[in-house]
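Given next are the chains, with one letter for each unit.
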Amino acid sequence: MSNLSTYSAYLLSAFLLFRFIRAYLGNRNSPLRKIPTIGYSSPLLSYISAFRFFTHSQRMIHEGYTKYKGHAFKIPMVNGWHVIVSGLKLIEEIKSASDEYMSLRFAADNFLQAYWQLGDYRHEPDFYLINAVRNKVTRDIAPSFEDVQDEIQAAFSDEIHIKGEEWVPVRVNKTSIRVISRTSNRLFVGLPLCRDSNYRDLNIEFTVDIMIGLSILQLFPDIMKPDVHLFSCKCRPTLNPDSRLVTMLISKVPRQMRRATRLLRPVIEDRLEKDAEYGKDWPGMPTDLISWLIDATPASKRTVENISLQILIINFGAIHTTSIVSSKPDKREVQCIASPAIPSFMNRFGRRYRPSLRRKAGRSLLYSVLKEASRLGGHTPTAMNRLVLKDFTFSDGTTISAGTFVSAAANATHNDESIYPDAHQYRGFRFAEMKSENGGVVGQSMIKTTDKYMLFGHGKHACPGRFFAVNELKTMLAHCLLNYDFKFADRRTEPPLQPG
Ligand code: HEM
């Protein structure tokens, strides 16, 4: 046996022994024992289920939801348990739990393996970007939205090259992610950087690189991370990454962080200089995320590296999420052609409303189409992901111990027949046609989060970027409807949906 395989065999045996002892000791008195398990719950076999969860999370959560709807069930993970709840009551209890008990921030850090991939943020009370997004991207987007509209038009005409009367093939996912990267960054960093193809690719690739990094790191128990770290990456927010050869080979995250700093440095330095010279809100200060971040970040932390990293992270949270709502993450193709006519969709439904209500009706139909696509799209098996920091007992007596992940079963809820009749079918106007209790058509806003619609989470941490994301998506869809006719390249007439 070579040295490498002997070392691997020792490592594996030590890990299995460690896992067995830890699980055995931990399980004996754990209140989690009372919660039913999907998959194996015994110390060693549970590892098999933990691996299965990597590839079959939707299926396992659907199984749990079907068996224990309205209650909690648990699924083993490599580093502990993931408890999943459903039903108004338990979801409301997560919603109202204080951050002291259940933390989104720690759950996200843990999921992303942030300490290992991005650096040590444990001492930061909050990401400044969350405040910037909550306060500014939510309220102050109206004046900048004309720019965003302008970018949508420019981005589509750069991406889709219409040739006279010919149908042109378009990869939906690739096109939508590039358009979204450009339009979101028109708000985040402005012109000309938002159009720089190197900057655009960086933001698109960064998400993929983080996901690859976390998939490797999540396979290892935390206690082995110092070793795993030799093979992965660890870099401080100062962007001074450990440059060990193997580190650099496995994870691209540190490299991408340096690339971001390089690209953003001239614009951030210019803003910081102007801020120092003219003070806050200087005349002509651009209304974009850079300005908002500089404003929200304490003076001692206003470095190019820190602000670049925050911009990269917000792109991570904004681009792929928005693009998944507008298209499936596959390589399917549609054919596009310039459309001279106002789409029949608008005419047909416009007639059903008084002229004064037409614009409102058109908007509500667009929201409905998008909301239905996101309901069925199922890219998020769980929502309201939290790490339990102190033992927490739900009103039905279920106790979840500290260190456990807890979430709501989002996708299973979105596909529940008792909530959404014909749940597995795409009905574009489902939400626009929803009736109020007295029978009037009320429609349902995509921005409003409920225990039955959790695309953006729910409660005080519900996505603060959703106002921007939904307006961006609506404007993109309206632009496509007004400017192109399209059909699926493979001649299908129904959208290719992934079953929930
Ligand atoms: C369709 C697109 C998007 C989806 C599906 C989405 C989804 C989510 C979800 C599920 C959460 C966690 C909520 C919870 O656990 O209760 C979240 C949080 C967050 N999102 Fe989004 N998001 C989107 C777009 C954006 C955009 C465009 C931005 C920024 C402009 C953004 C910024 C944030 C931030 C800062 C948080 C953290 C909030 C907190 O910690 O309190 N998101 N998002």
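What you see is a predicted model, and the numbers here were worked out from it, not measured in a lab. (Residues numbered from 1 in each chain as written. Predicted model: local features only at pLDDT ≥ 70, side-chain atom pairs only at ≥ 80, totals over all residues. Heavy atoms only, no water.)

Engineer: I tried to follow the overall build of the chain on my own but got confused; where do I start?
Structural biologist: The number of helices and strands found in the chain is 18 helices and 10 strands. For the chain, buried positions account for 49% of its 500 residues. As displayed, the chain has an accessible area near 24,600 Å², and 57% of this comes from carbon and sulfur atoms. (Helix = DSSP H or I, 4+ residues; strand = E, 2+ residues; numbered from the N terminus. Buried < 20%, exposed > 50% of the residue type's maximum accessible area, 1.4 Å probe, protein only. Areas by Shrake-Rupley, 256 points an atom, 1.4 Å probe, with all protein chains shown as cover.)

Engineer: Just checking my understanding: could you explain the coordination of the iron atom of the ligand for this structure?
Structural biologist: Ideal geometry at a metal centre gives angles of 109.5 degrees when four donors are arranged tetrahedrally and 90 or 180 degrees when six donors are arranged octahedrally. You will see that the iron atom of the ligand has only one donor from the protein, Cys-463 (SG), lying 2.3 Å away. As for its position among the elements, Cys-463 is in the loop between α17 (410–414) and α18 (466–483). (Donors = N, O, S within 2.8 Å, 3.2 Å for Na, K, Ca; no water.)

Engineer: Just checking my understanding: could you explain helix α7 (residues 145–159) for this structure?
Structural biologist: An α-helical segment advances 3.6 residues per turn. Residues three or four places apart therefore align on the same side. Taking 1.5 Å of rise per residue, the 15 residues of α7 would be expected to cover 21 Å, and the 21 Å separating its terminal C-alpha atoms lies within 8% of that figure. For α7, the complete set of buried residues consists of Phe-145, Val-148, Glu-151, Ile-152, Ala-154, Ala-155 and Phe-156. Packing partners of the buried residues in α7 comprise α8 (172–188), α18 and β10 (484–488). (Expected span 1.5 Å × (residues − 1). Contact = heavy atoms within 4.5 Å.)

Engineer: It is not clear to me how the packing of helix α12 (residues 253–278) against helix α13 (residues 289–296) should be interpreted in this structure. Could you clarify?
Structural biologist: What describes two packed helices is the angle between their axes and the distance between those same axes. One can describe the packing of α12 onto α13 by two numbers: an axis separation of 11 Å at closest approach and a directional angle of 55°. Taken together, the axis directions place α12 and α13 in an arrangement best described as oblique. The hand of the α12/α13 crossing is right-handed. The residues of α13 that touch α12, namely those facing Val-267, Ile-268, Arg-271, Leu-272 and Asp-275, are Ile-290, Ser-291 and Ile-294. Taken together, the residues of the contact of α12 with α13 break down into five nonpolar, one polar and two charged. (Axes fitted to C-alpha atoms, helices over the stretch in contact; angles between N-to-C directions. Parallel < 35°, antiparallel > 145°, perpendicular 65-115°, else oblique. Left-handed = near helix turned anticlockwise from the far one by under 90°. Nonpolar A, V, L, I, M, F, W, Y, C, P; charged D, E, K, R; others polar.)

Engineer: Looking at this structure, I do not really get the sheet that holds strand β6 (residues 383–388). What am I missing?
Structural biologist: The pairing of strands in a sheet happens through backbone hydrogen bonds and is either parallel or antiparallel. The five strands lie next to each other as β1-β2-β9-β6-β3, forming an open sheet whose pairing is mixed. Taken across any chain shown, the strands that pair with only one partner, and hence form the sheet edges, are β1 (72–77) and β3 (102–103). In terms of strand pairing, β3 meets β6 through two bridges, oriented antiparallel. Counted as the bridge partner of Met-102 is Val-388 from β6. Seen against the sheet, helix α3 (residues 88–96) touches β1, β2 (80–85), β3, β6 and β9 (405–408) and runs at an angle of roughly 60° to β6. (Pairing = 2+ DSSP bridges.)

All quantities given are derived from atomic positions and should not be read as evidence of function.
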